[in-house]
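Given next are the chains, with one letter for each unit.
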Amino acid sequence: MARDQFQTLTEPMYFTLLALGQVRNGAEITAWVSEITKGRINLAPGTLYALLAQFLENDFITRVEVDKKGKYYMITDEGRELLEEEVERLRLLIDNYENHFDK
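Nothing here was measured: the structure is a model prediction, and the numbers come from that model. (Residues numbered from 1 in each chain as written. Predicted model: local features only at pLDDT ≥ 70, side-chain atom pairs only at ≥ 80, totals over all residues. Heavy atoms only, no water.)

A closer look at the nonpolar core
Alright, step 1. One finds L17 and I29 to be the most contacted residues of the largest nonpolar core, which totals 21 residues.
Alright, step 2. When contributions to this core are tallied by element, the ones reaching two or more residues are helix 1 (11–19), helix 2 (26–36), helix 3 (45–57), strand 3 (72–75) and helix 4 (77–100).
Alright, step 3. Broken down by element, the residue count for this core peaks at five residues, all from helix 1.
Alright, step 4. Filtering out sequence-adjacent residues up to four positions away, I29 remains in contact with T16, A19, L20, R24, L43, L48, L52 and Y73. (Core = buried A, V, L, I, M, F, W, Y, C linked by side-chain atoms within 4.5 Å. Buried < 20%, exposed > 50% of the residue type's maximum accessible area, 1.4 Å probe, protein only. Helix = DSSP H or I, 4+ residues; strand = E, 2+ residues; numbered from the N terminus. Contact = heavy atoms within 4.5 Å.)

And the structure:
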């Protein structure tokens with residue numbers, strides 16, 4: 001998948017990458033995202049593992065071995081860059097709203 005397709009991250013994409021600032025497995029990612037969003041985003045296994053596959057394919061995350069019981073993942077430098085670009089995009093949206101919308 002080309003990087004162009006990641007110019008705007010969905011919330012599940014954003015929070016999955018954010019979760020991988022620490023080494024986590026799929027269940028830990030799901031629980032963390034649900035906790036941090038107060039249950040607003042619940043990642044279904046199909047959604048999560050499709051995202052992980054896309055992120056692995058594009059080197060935004062890497063698989064790390066913690067133990068033999070499961071697959072663990074962590075964000076890469078390129079993934080951090082993608083996440084930072086998304087944060088800047090969101091900040092610009094907020095700035096545009098605050099500066100150009102009559103409240």
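Let's pick the thread back up.
Considering helix 1
Alright, step 1. Residues of helix 1 that are buried: M13, Y14, F15, T16, L17 and A19.
Alright, step 2. Among the structural elements, strand 1 (24–25), helix 2, helix 3, strand 2 (61–64), strand 3 and helix 4 are those in contact with the buried residues of helix 1.

Here we look at the pattern of salt bridges
Alright, step 1. Enumeration according to the criterion identifies three salt bridges in this entry.
Alright, step 2. E11 is the salt-bridge partner of R40, the closest N and O atoms lying 2.8 Å from each other. Here R40 is found in the loop between helix 2 and helix 3, whereas its partner E11 is found in helix 1, with 29 residues between them in sequence.
Alright, step 3. A relative accessible area of 40% means that E11 is categorised as partly exposed.
Alright, step 4. The salt bridge involving R89 is made with E86; its shortest N-O contact spans 2.7 Å. (Salt bridge = Lys/Arg side-chain N within 4 Å of Asp/Glu carboxyl O.)

Quick look at the pairing of strand 3
Alright, step 1. The sheet contact formed by strand 1 and strand 3 spans two bridges and is antiparallel. The partner of N25 across the bridge, within strand 3, is Y72.
Alright, step 2. As paired strands, strand 2 and strand 3 are joined by four bridges and run antiparallel to one another. Within strand 3, the position partnered with V64 by the bridge is Y72. (Pairing = 2+ DSSP bridges.)

Some details on the sheet that holds strand 3
Alright, step 1. Across the sheet, which stays open at both edges, the three strands sit in the order 1-3-2 with antiparallel pairing between neighbours. Of all the strands in the sheet, the pair left with one neighbour each is strand 1 and strand 2.

Observations regarding unusual backbone geometry
Alright, step 1. With a phi close to 55 degrees, K38 is a non-glycine residue in the positive phi region.
Alright, step 2. Structurally, K38 can be placed in the loop between helix 2 and helix 3.
Alright, step 3. You can call K38 exposed: its relative accessible area is 78%.
Alright, step 4. Its identity as a non-glycine residue notwithstanding, D59 has a phi of 60 degrees, on the positive side.
Alright, step 5. Following the sequence through the fold, D59 ends up in the loop between helix 3 and strand 2.

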